[in-house]
Structures are given as structure tokens and as C-alpha cells.
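Topology and contacts: notes
Here are the chains, one letter per residue:
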Amino acid sequence: MHTNNTPLYALIDCNNFYASCERVFQPKLNSKPLVVLSNNDGCIIARSNEAKQLGIPMGAPYFKVRSLIAEHNIQVRSSNYELYGDMSQRVMRTLAQITSDVEIYSIDEAFCDLSKFRHQDLHAYAKNIRDTVRQWTGIPVSIGIAPTKTLAKLASQIAKKSNGVAIIEDDAMRRTLLAGFAVRDIWGIGRQHGKMLAAYGIQSALELAGMPDSWIRQHMQITGLRTVHELRGIACFAYNEQPPAKKSITTSRMFGRPITDTDEIIAALTKYTTRAAEKLRAEQRLASRIDIFFHSSRFKQPFHESRRGYDIPTATAYTPELLAYAIRGVRSGFRPGISYVKAGLMLSGLSAVDEQQLHLFDGPNIEQQTTLMGMLDTANKRWGQHTLFYGSMGTQPSWEMKRTMRSPSFSTRIDEILRVECR
Amino acid sequence: MQSIIRPRELQARPAKRVRLALAPVQAGFPSPADDHLDGHIDLNELLIENEPATFITRAAGDSMEGAGIFDGDLIIVNRALRPVNGSLIVAELNGEFTLKRLRIIAGQPWLYAENAHYKPIRVTTELNVWGVVKHTIRIHGHAHE
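Summarised in this report is the structure supplied together with it. (Residues numbered from 1 in each chain as written. Chains lettered and ligands numbered in written order. Predicted model: local features only at pLDDT ≥ 70, side-chain atom pairs only at ≥ 80, totals over all residues. Heavy atoms only, no water.)

**Quick word on the overall build of chain B**
Tallying secondary structure elements over chain B gives two helices and nine strands in all. Along chain B, helices and strands appear, N-terminal first, in the series α-β-β-α-β-β-β-β-β-β-β. Across the 145 residues of chain B, 34% fall into the buried class. Considering only residue pairs separated by 6 or more positions, chain B has 50% of its internal contacts joining residues 24 or more positions apart. (Helix = DSSP H or I, 4+ residues; strand = E, 2+ residues; numbered from the N terminus. Buried < 20%, exposed > 50% of the residue type's maximum accessible area, 1.4 Å probe, protein only. Contact = heavy atoms within 4.5 Å.)

Structure (C-alpha cells):
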């Protein structure tokens, strides 16, 4: 299976990421059941393994599981995207230092192109990644390695339940793993397709991989066919290409030429932010955190990388508001005299549109914004004119989110940093 | 909204740069240092060896005064360093973080304070080292604030 021409991907996936971030700075939480709540303390968005075992469902509204939480003395934290964003960057930078060609897929997942390393001991290679990320950042990760991204993702899910590393080394192994893997858990198979496949009696990933192409195309269109090919070991998603992420939306690009001008970076980020916001709205979701980054070539001195992150008080999918943050991020991080080669942004803390009701009355007029965005999404062309939105930078909301159980931002705020006892 | 304080922001602000000392100005003679005006000392470079693995924390208490670390000092913790005999370490002890000097005595790890009022602790279970400390920062001159 691993000939010289086939690609080889690793998916590095942080285990229970938000819960793990909390634990790095609060060792008291180790081995205790722990859950993290969404914006406004609405529902469960992360669970430690112990909390999973106690039967706390993902996405459950907090008030519904309150008695279960009290009964088992489960630790509860409000989400702290500033902390998670910083820890995510640390994990990604660690990966960039110890492996090559890191593609950030979401706040807690990254792909690495391992084609160059196929002749190495991959188990040892993966173990080194796990150990180093754990030691440097405190975050535990699982790693799946396979010739396609979809298989690498599937392997990482298997790795999570075993010793942290799963490598699909040959075809026999691929078939064994697919046979024991539920169709609905495959990357890129949505809930709708999952239900449809169940109705046809297709339960395992192996059964799906064995269906004829014509049937797949008829029932799951061309994207479904790509996923199925990937399950068979034929790479269809190249480096920097993937089906939509679940927990965050990342848009980043290399520039066609080095850029030394703030306005040009703003123009680029305006484009990416607009795209990311469109994706967000297409998925009927809102973001509560935006991270903006841009950097010069890593191979040239002086190297400069800027990263700025902002918590958004009321989750939004409103392009002008997101743009205001993006522009602010560029202006505060830009350094004159540097030739920048890449820029991007990540939207995280995603919630479904209807989770957002609490702030309807003190927030901006959501209904109006939604109508406006709907109009503008159809009249897409206008979005090149980023100057249109400068005015919105002044409308900075001053109220705070309801996050009553938020941990300190241990790694990003000087007045909240970790206390080390000298007693 | 507050700005996020990251170690690298220091680097990004020209105002934080410290100029290298230049030759005093002598009328008529161009200083040979003029060609090297770009030089600056980067505190981040000096204090942060491995950025993703470095965390800034704060000392609370007087047990490390013998090592020159006082209450309120900033402690720069590098998680990438392996602790050795004599390392200053941040260890997890009973669910808290504590700053100690690691000593290996007859193959056994001990945690030493640097203040006669505190007794050394012999580590009998697995020692959880959170990170290693090579640098600390003390803010002087509160009188000027």
C-alpha cells in the first residue's frame, strides 16, 4: 500500500481539548469528571473521559444534566476561548517545530504530510510527536496515520480509544479497522447521509467502501464518492483540502507575492474573513472567537509572526463585526519592513444560530443583521469593498458574556497568570 | 476589550527595544558604530528559549528567597527542558504548583526550598514536574509609579 508515490497523512487530534486545556493549569481536575459549557453556559461542549463514562451527552443543555452533575460531583467550567486559542497555537507551533508541513484543520486538529517519512519507523515517529506535544504544552493527543486524510482521521478516532497511535499500514489492516467502524462516525458523512445509509442497512465503513461508485454517486453525490474513494485508500483530499470542519472554521492562504503594506494584508484578510463568515452562515452557526494571524517566510530573517485573538461578547456571523476584529488584528500586529507571505483567520467557539437567544434583547439587532447578511450573501460581489465596514469598528459592544465558571486566562493575561506557591 | 498579553508582543513593539551603547558623539569624526545602529537586545530572545513551551507564572511566598526569587516575581517556566539535579522546577504537589530546587540524593528526588524556615520534602510517589525555571523577572522601582 505504501509505495513511493502514494501520499501519507497523519492526523494529530487533541484529546478532549477544552477539558485538557483546563487541566494543564488546574492539576486538581486530573482524573476527575469535568465538563466545559458553551457560551452563556448553555450546553455541554466538552467532556473529560470520566464525564463521558458517567453518561453526560455531548451538546446536552446544562440545566438538563444539572442533577447528574451534582450527583457525581462533576467539575464544571465555562468556556474560555482565549485560553483554548492560546493552547491551540502552542500545540500547532510545537508541531511546526518537530514535524513538517503542518496543516491546521481546526482548533484541536492538524494534518501533517508524512510522505517524506514513510521509510522511517512511523510508530516511533508518532510516539515522539505525542510525547513532545504532551511535555511542551501539557496537551494529550491521538495520532492516526494512513494514505488518505479520511483514513487518517478514522485511525485517529481508533487511536483515541487505544494507546494513542493507530497506523493503517496495509490493506488487511485497513479492512479490519473499517469493518469495526460505524458509518455515521466517518469524517464527512453528515447526519443525513448517516440516516440514509442506515436505512439501506449499511452499518460499517467497510460495507460503505464496498458499494459501487454508481450507487454512491446517486445517493451521496460527488463529495460522498470522494469520501468513499478515500476509505478505499485512494487520496482525493490533497494537502490543504478537506470537507468542512466541525469545531472551527479556518481560512488561510499564501500570498502570490510578499506583502509589506498594512492595507494589502487588510485586503487579503477582508477576503478570507468574508469567506469564513459566509461558510459560518451557510452552516447556520455563530462564532464567539476570532484569531487573526500572518507571518513572513520562516526561511528568511527577520522572521515575524503576528497572532491576535479576540473574544466576541455576543456570538456572531455578521461580516462587518468580524471584519472589525480582523482589521484590528492586522493593525495591532503589523510590523513595518517585514515581507509577509501568509495570512489567515480562525473562527471558533461555534454555536448553532438558535442557541443564542439569551442576548437578543441587549445585543445588536440580530434579525436585522441576518436579513442584511442574507441580502449581501446573494449580492456577493459587493464584498470586495471592505471600506464599507470601517464604520462598524466603532460599534464595540460593551456588555459581557455570561460565563460564571470561567477559569483564569492563565497563559495570556498578566493579571491572571498561574500562581506558583513558594511556601 | 482588553488586549491579549503575549510574550511575543514585547518583540513587536519597537519601544521595548534596548539600544546597544553607542560611542559618544565627537564632532567631526563619524563614529564607527554608526553603521551598526540596527543592533538591539531582544529580551524575548534572552528569556524565552522555546516559545510554545514557555509559560509565565508568578511566585507567591518567601520560600525561594535564597535563590533570589521573591513574592510577586515573574517566573518563566520552560516545559521543554528536562529537569536535572539542581534544577529549579515547578512541581505539582497535592494539586498545587510549587517552586523548588530539585536535588537527587542517593537516587532519590528531594524538593528543597531556599529559606531555612522550610524543610526539604522527600518525594516518595512519582514526581510531576510541570516545567523548569531558568529565568525570573523582578519589577523594581515601584516608587516611580
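What follows continues from the structure just given.
**Description of the interface of chain A and chain B**
Taken together, the contact pairs 43 residues of chain A with 41 residues of chain B. Across the chain A to chain B interface the summed buried area is about 3800 Å²; carbon plus sulfur atoms make up 51%. Three residues, A:Gln135, A:Val420 and A:Cys422, lead the burial of chain A against chain B; their summed loss comes to 19% of the area buried on that side. Where chain A touches chain B, the interface holds one salt bridge. Linking B:Glu51 and A:Arg93 is a salt bridge whose minimum nitrogen-to-oxygen distance equals 2.8 Å. One can count 18 residue pairs in polar contact (both at pLDDT 80 or more) joining chain A with chain B. Of all elements in the fold, only helix 1 (17-25), helix 4 (81-98), helix 5 (122-137), strand 11 (305-316), helix 12 (319-333) and strand 14 (419-421) of chain A reach the threshold of two or more residues within the side of chain A that touches chain B. Looking at the side of chain A that touches chain B, the element that brings in the most residues is helix 4 of chain A, giving eight residues. The class makeup of the residues in the side of chain A that touches chain B is 14 nonpolar, twelve polar and 17 charged. Note: strand 14 of chain A against strand 3 (residues 54-60) of chain B, three bridges, orientation parallel. From the neighbouring strand, A:Val420 faces strand 3 of chain B, where its bridge partner is B:Ala59. (Buried area = accessible area lost by both parts, 1.4 Å probe. Salt bridge = Lys/Arg side-chain N within 4 Å of Asp/Glu carboxyl O. Polar contact = N/O pair within 3.5 Å; in protein donor to acceptor, adjacent residues only side chain to side chain. Nonpolar A, V, L, I, M, F, W, Y, C, P; charged D, E, K, R; others polar. Pairing = 2+ DSSP bridges.)

**Here we look at a nonpolar patch on the surface**
Where nonpolar side chains cluster on the molecular surface, the patch consists of B:Ile41, B:Leu43 and B:Leu46 and spans about 260 Å² of accessible area. Relative to the elements of secondary structure, B:Leu46 occurs in helix 2 (residues 43-47). (Patch = residues over 30% accessible without salt bridge, like charges linked within 9 Å, V, L, I, M, F, W, Y side chains within 5 Å. Areas by Shrake-Rupley, 256 points an atom, 1.4 Å probe, with all protein chains shown as cover.)

**Concerning unusual backbone geometry**
The phi dihedral of A:Ser31 is positive, around 60°, even though this residue is not glycine. Mapping A:Ser31 onto the fold places it in the loop between helix 1 and strand 2 (34-37). Residue A:Ser31 is classed as exposed on the basis of its relative accessible area of 62%. We note that B:Asn94 has phi near 50°; this positive angle belongs to a residue other than glycine. With respect to the secondary-structure elements, B:Asn94 resides in the loop between strand 5 (88-93) and strand 6 (96-105).

**Side note on the sheet that holds strand 6 (residues 109-113) of chain A**
All names here are of chain A. In space, the five strands of this open sheet follow the order 5-6-1-7-8, with mixed pairing throughout. Only two strands of the sheet have a single partner each, and these edge strands are strand 5 (102-106) and strand 8 (165-167). Going from strand to strand, the sheet's axes swing by 15° on average, the running direction of each strand aside. Here strand 1 (residues 9-14) runs beside strand 7 (residues 141-146); their pairing, made up of six bridges, is antiparallel. Residue pairing for strand 7: Tyr9 is matched across the bridge by Ala146. Sheet contacts for helix 6 (residues 149-161): strand 1, strand 5, strand 6, strand 7 and strand 8; angle to strand 7, the most-contacted strand, approximately 140°. (Axes fitted to C-alpha atoms, helices over the stretch in contact; angles between N-to-C directions.)

**Focus on the side chain of A:Ser297**
By secondary structure assignment, the location of A:Ser297 is in the loop between strand 10 (285-296) and strand 11. Residue contacts for A:Ser297: discarding those within four places in its chain leaves A:Phe303, A:Ser339 and A:Val341.

**Observations regarding the packing of aromatic side chains**
To describe a pair of aromatic rings, you give the distance between the ring centres and the angle between the ring planes. Residue and element names in this part refer to chain A. All told, the structure shown has 19 aromatic pairs over all chains when counted by the stated rule. Ring geometry for Phe25 and Phe410: centres 4.9 Å apart, planes at 15°, overall stacked. With Phe25 in helix 1 and Phe410 in the loop between helix 13 (366-378) and strand 14, the pair connects residues that are 385 residues apart, well separated along the chain. On the accessibility criterion, Phe25 (4% relative accessible area) is buried. (Phe/Tyr/Trp six-rings, centres within 6.5 Å; stacked < 30°, edge-to-face > 60°.)

Everything listed here is a matter of coordinates, which is why it stays silent on function.
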